[in-house]
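Structural features, examined
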Amino acid sequence: MKLRRAASLFLAGLLFLSGCTRPETQVQREEPITFDQQPAIVEELLHNGGDTVSANVQVHVPEAFFSGQGNAYDAKILGIADSDLLKKIFLGDREIIKTEGNASSNFNYYVAEKEFLHLETLTFGYHTAVGRAIYQAALYDRSKYDNKLDSVYTEFDNTGSLDFQPREEVLQEAFALAESLGAEPSADCQCYAIPHTQIAEKEQALLEQQETEDDGMPKVEPYGEWTEKEDCYFLRIPLLADGYPLTQFDHGGETDGSGVPGFFLELLYTRDGLVDASGVVLRDFQKTAENQDLLTAEEALETVREYYESLVTGEEDDSVYQHVTEIRDAYLEMVPQRKNGSLTDYTVAPAWRFEIWSRSELKEGMIAPEGIEVSEDWGFVGCLFVDARTGERIR
């Protein structure tokens, strides 16, 4: 058995313990500072009981935040409450031949046996048989997926065009669709040109993997012959809040289990047009605060330090492993939170997202148990969010 990642001190704490209780006060500066140049941060945050937490942080600030200030908003999520709009956009005037589900939380509208609009409180999806087949065969590589958004798609062409339609025209169509949903698409998107031959290769590898490995997921059935009809563009579009980037990462939910999803739009086009769509979209932004001073990444990192120090520390782990945790990147972005516990209403404000990586290694002088191979590979384990206005950790 190969130990790829042991549970880190971070992960245990993130799931089960509350963090620091910094008073929620708004940062105010006597003199404004700009964020266009923030240096990397390298320092040790915690060393205890054979475990270490260190910062080796590259700081990422989008141009919208260069002023060192940001706005806050109220917004609504697009979902089952907007069924009339979503039916009009994805199904048009076509006859709905079957419906199923609970109209308050989970519902499907069918216009063909395998073509339907799926609605939930927080999300939506438009699916066809060919769209689902392409997605399962080529766009969900279970052997690579590790919670990093771009890890699955790097082998695809993100610049070229396919014969049936230029890439620029597909982008125009996709952005128009996003705007019809009330979303604000970001130009910093990915548009992958995927020929059917590459889909066939990916499917074959997946079918062979299924023969030898059981990952607990439903088995994928062979599609049949892949042809030029299945050449496709796959787009993953980040979304904006009044020009500020929205996080694409899930967050929150530590205290009550009601986490908030990341926000994005995924679209799949073949020569027959749109064949698959899904997303989590915020819309109807109403500004509630303007030009608020924000913490720098280094200032927000103090909350991360306090968080780790608030966990149970000082006890030597009795396993043969030690856990090494590293904060590698900090991104300033807009992070929604539920408004008064609502599933549909949100407050949206700037926050720092710190990406957490971890690995396990043998403690000095220890020998791994028989049958255990220690892998010291780094693995991405999640994110920690800090409100950029108050320094409060977002749970």
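Here is a short report on the structure shown in this document. Residues take numbers from 1 onward in each chain, read along the sequence in its written order. Since the coordinates come from a predicted model, pLDDT governs what is reported: local features require at least 70, and pairs of side-chain atoms require 80 or more to be given and counted, while whole-chain, interface and lining totals use all residues. With hydrogens and water stripped out, all remaining heavy atoms of the structure feed into the side-chain values.

Points about the overall build of the protein chain
If you tally the helices and strands in the protein chain, you get six helices and 20 strands. Here the term buried applies to any residue with accessible area under 20% of the maximum for its type, exposed to any over 50%, and partly exposed to those in between, with areas from a 1.4 Å probe on protein chains only. When the 395 residues of the protein chain are sorted by exposure, 51% land in the buried category. As displayed, the protein chain offers around 19200 Å² of accessible surface, 45% of which is attributable to carbon and sulfur atoms. By the criteria applied, helices consist of DSSP H or I runs no shorter than four residues and strands consist of E runs no shorter than two, each listed in order from the N terminus. Here, Shrake-Rupley sampling with a 1.4 Å probe gives the accessible areas, and only protein chains in the shown set may cover a residue.

Section: the pattern of salt bridges
A side chain of one charge can pair with a side chain of the opposite charge when the charged atoms of the two come close. Salt bridges are counted wherever a side-chain nitrogen of Lys or Arg sits within 4 Å of a carboxyl oxygen of Asp or Glu. With the rule as written, the count across this model stands at 18 salt bridges. In this structure, Glu-326 engages Arg-328 in a salt bridge whose closest nitrogen and oxygen atoms are separated by 3.0 Å. Linked by salt bridges that have partners in common, Glu-43, Glu-302 and Arg-305 make up one network.

Notes on the side chain of Ser-186
As for its position among the elements, Ser-186 is in the loop between α4 (167-180) and β9 (190-194). Counting of polar contacts relies on pairs of N or O atoms within 3.5 Å, with two restrictions inside protein: one atom must be capable of donating a hydrogen and the other of accepting it, and residues adjacent in sequence are counted only when both atoms are side-chain atoms. Among the polar contacts made by the side chain of Ser-186, one reaches the main-chain amide nitrogen of Asp-188 at a distance of 3.0 Å. Setting aside residues no more than four positions away along its own chain, Ser-186 makes contact with Phe-175, Ile-237, Pro-238 and Leu-240. Pairs of residues are marked as contacts when any of their non-hydrogen atoms sit within 4.5 Å.

Quick word on the sheet that holds strand β5 (residues 98-102)
With antiparallel pairing, the eight strands of this open sheet are ordered in space as β5-β6-β7-β8-β14-β13-β10-β9. The open sheet has two free edges, formed respectively by β5 and β9, since each of these has just one partner strand. Shown here is a sheet whose adjacent strand axes are inclined to one another by a mean of 10 degrees, direction ignored. Two strands form a pair only when DSSP identifies at least two bridges running between them. For β5 and strand β6 (residues 106-112), the ladder comprises five bridges, and the chain directions are antiparallel. Within the sheet, the bridge partner assigned to Asn-102 lies in β6 and is Asn-106. Only C-alpha atoms enter the line fits that serve as axes; for helices the fit covers just the stretch in contact. Angles between N-to-C directions range over 0 to 180 degrees. Most of the contacts of helix α2 (residues 83-90) go to strand β7 (residues 115-120), to which it runs at about 155 degrees, and overall it touches β6, β7, β8 (124-127) and β14 (273-280).

Focus: the pairing of strand β13 (residues 264-270)
A large share of β13 lies buried, amounting to seven of its seven residues. Neither face of β13 is left uncovered, since the one carrying Phe-264, Glu-266, Leu-268 and Thr-270 and the one carrying Leu-265, Leu-267 and Tyr-269 both have all their residues buried. Taking the residues between adjacent antiparallel strands as the criterion, β13 and β14 are bridged by two residues.

Description of the state of the cysteines
The term disulfide is used for any two cysteine sulfur atoms that are within 2.5 Å. This structure, assessed with the given rule, holds zero disulfides. Cysteine Cys-191 remains unbridged, with the sulfur of Cys-189 as its closest cysteine sulfur at 6.6 Å. By relative accessible area, Cys-191 is classed as buried at 0%. With no disulfide of its own, Cys-232 lies 9.9 Å from the sulfur of Cys-191, the closest cysteine sulfur. Among the residues examined, Cys-232 registers a relative accessible area of 0% and is labelled buried.

Structural notes on the pairing of strand β4 (residues 69-77)
Counting buried residues in β4 gives seven out of nine residues, a clear majority hidden from the surface. Relative to strand β15 (residues 282-293), β4 runs antiparallel, the two being bridged by seven bridges. Following the sheet pairing, Ala-72 is matched in β15 by Ala-289. Pairing of β4 with strand β17 (residues 345-362), which is carried by four bridges, proceeds in the antiparallel orientation. The residue of β17 that forms the bridge with Ala-75 is Tyr-346.

What about the nonpolar core?
Side chains of a nonpolar character, in soluble globular proteins, are inclined to be buried together. What we call a nonpolar core is a set of buried Ala, Val, Leu, Ile, Met, Phe, Trp, Tyr and Cys residues that are connected through their side-chain atoms within 4.5 Å. Counting 75 residues, the largest nonpolar core has Leu-235, Trp-352 and Phe-354 as the members making the most contacts within it. Those residues within four positions of Phe-354 in sequence are excluded, and the remaining contacts are Ala-297, Ala-300, Leu-301, Val-304, Ile-327, Asp-329, Ala-330, Gly-382, Cys-383, Leu-384 and Val-386.

Comments concerning the side chain of Gln-292
By secondary structure assignment, the location of Gln-292 is in strand β15. Contact partners of Gln-292, with chain neighbours within four places excluded, come to Gln-26, Gly-68, Gln-69, Gly-70, Ala-72 and Arg-389.

Here's the deal with helix α3 (residues 129-139)
Those residues of α3 not exposed but buried are Gly-131, Ala-133, Ile-134, Ala-137, Ala-138 and Leu-139. The arc enclosing the buried residues of α3, seen along the axis, measures out at 165 degrees, which places them on a common side. Where the residues of α3 are buried, they touch β9, α5 (196-212), β10 (232-238), β13 and β14. The directions considered for the arc are those from the helix axis to the C-beta atoms.

A closer look at the packing of aromatic side chains
Aromatic pairing here means that ring centres of Phe, Tyr or Trp (its six-membered ring) are within 6.5 Å. Orientation follows from the plane angle: under 30 degrees is stacked, over 60 is edge-to-face, and everything else is tilted. Within the structure shown, the criterion is met by eleven aromatic pairs. With centroids separated by 4.7 Å and ring planes inclined at 35 degrees, the aromatic side chains of Phe-65 and Tyr-244 adopt a geometry described as tilted. With Phe-65 in the loop between β3 (51-60) and β4 and Tyr-244 in strand β12 (residues 244-245), this residue pair connects regions lying 179 residues apart in the sequence. With 6.3 Å between their ring centres and 65 degrees between their planes, Phe-156 and Tyr-192 make a pair best called edge-to-face. One end of the pair, Phe-156, is in the loop between α3 and α4; the other, Tyr-192, is in strand β9, with 36 residues separating them in the sequence. Within the aromatic cluster, the residues linked to one another by ring pairs are Phe-90, Phe-124 and Tyr-126.

Focus: unusual backbone geometry
Backbone phi values are negative for most residues with the exception of glycine, while trans is the configuration of most peptide bonds. Residue Asp-242 is not a glycine yet carries a positive backbone phi of 55 degrees. With respect to the helices and strands, Asp-242 occurs in the loop between β11 (240-241) and β12. Overall, the relative accessible area of 42% leaves Asp-242 in the partly exposed class.

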